[in-house]
Amino acid sequence: MARQRVVERSPLVQRAAPLLAEAMPFIAHPQIRNRGTVGGSLAHADPAAELPAVMLALDARLEARSRSGARTIPATAFFTGLFGTALTPDELLVEIAVPPLPPGSGTAFVEVARRHGDYALVGVAVVVTLDERGRCRDARIALLSVGAGPVLAAEAMKLCVGETPSDEMFRATAEMAATRDIDPPSDIHASAAYRRRLAAVLTRRALGRAFERAGAG
Ligand SMILES: Cc1cc2nc3c(=O)[nH]c(=O)nc-3n(C[C@H](O)[C@H](O)[C@H](O)COP(=O)(O)OP(=O)(O)OC[C@H]3O[C@@H](n4cnc5c(N)ncnc54)[C@H](O)[C@@H]3O)c2cc1C
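Residues numbered from 1 in each chain as written. Predicted model: local features only at pLDDT ≥ 70, side-chain atom pairs only at ≥ 80, totals over all residues. Heavy atoms only, no water.

Draft legend 1. Structural detail: the sheet that holds strand 8 (residues 136-144). Strand order in the open sheet formed by 4 strands is 6-7-8-9, with antiparallel pairing between adjacent strands. The open sheet has two free edges, formed respectively by strand 6 (105-112) and strand 9 (151-152), since each of these has just one partner strand. Across the sheet, helix 10 (residues 192-214) is in contact with strand 6, strand 7 (122-130) and strand 8; its angle to strand 6 comes to roughly 150°. (Pairing = 2+ DSSP bridges. Helix = DSSP H or I, 4+ residues; strand = E, 2+ residues; numbered from the N terminus. Contact = heavy atoms within 4.5 Å. Axes fitted to C-alpha atoms, helices over the stretch in contact; angles between N-to-C directions.)

Draft legend 2. Representation of the state of the cysteines. Counted under the stated rule, the structure contains 0 disulfides. Looking at C136, it has no disulfide partner, and the nearest cysteine sulfur is the one in C160, 5.0 Å off. (Disulfide = S-S within 2.5 Å.)

Draft legend 3. Looking closely at helix 9 (residues 167-181). The terminal C-alpha atoms of helix 9 lie 20 Å apart, and with 15 residues this matches the ideal 21 Å at 1.5 Å per residue to within 8%. For helix 9, the complete set of buried residues consists of M169, F170, T173, A174, M176, A177, A178 and D181. (Expected span 1.5 Å × (residues − 1). Buried < 20%, exposed > 50% of the residue type's maximum accessible area, 1.4 Å probe, protein only.)

Draft legend 4. Region of interest: unusual backbone geometry. Its identity is not glycine, yet F83 carries a phi of approximately 50°, on the positive side. Turning to its location among the elements, F83 is positioned in the loop between strand 3 (79-81) and strand 4 (84-85). By relative accessible area, which is 42% here, F83 ends up partly exposed. Look at S145: it is not a glycine, yet its phi comes out positive at around 65°. Of note, S145 is situated in the loop between strand 8 and strand 9. Residue S145 is classed as buried on the basis of its relative accessible area of 8%.

Here is the structure:
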């Protein structure tokens, strides 16, 4: 029942989950965010929505409750397809737990929409963590508006781990995400080829920003 606008303005969210805070203003307009809820956005599971991809990148855990009990669903298992979730008809989404970021972490959210507030043509949420030698210990990259639901760029993420952040690494990872991890649709808003190109460019930018915020280089 947490309104999007309340979460957007929360100092706690800004401190503990800066990726969520950064993504929030991209959701439509203040009028929409005054009414829309975080749980409602996740339960609705629009493939072009920001929050499903953010929760995938943050590796959030979602608690579903019904008369027969409660269960925790990892974000990776929650989104099941076009406007589809793992919730059964009698379940409510009652809690979203975002794990704290380990030290040496950085996050970034970027998207392109024709006008600010429109649904994104493509968006990317990135969480990275550096080890004590400045190499990538962990990377999570989630894209929106490139398929039936939010997409975790699993192949691209593997490419990052153990590497020292560099422009070359960002480019290679972004190309991997755009060519291997996603299969974007063509629709009235953009062609599949355009979305793929956009995914590569935005993933590269998001990685650069996230690693910089993590303290790289
Ligand atoms: C004009 C407009 C523009 C928008 N632009 C964007 C955008 O750019 N980006 C974006 O991400 N979103 C956008 N949205 C979506 C908006 O931000 C809300 O997320 C969305 O409308 C859902 O609203 P709600 O939270 O009130 O949920 P509701 O409309 O109340 O619910 C949506 C669905 O989820 C179910 N549901 C809601 N809460 C729960 C729960 N806790 N547990 C189980 N099921 C639940 C409901 O039964 C319903 O089926 C836009 C919406 C509008 C109207």
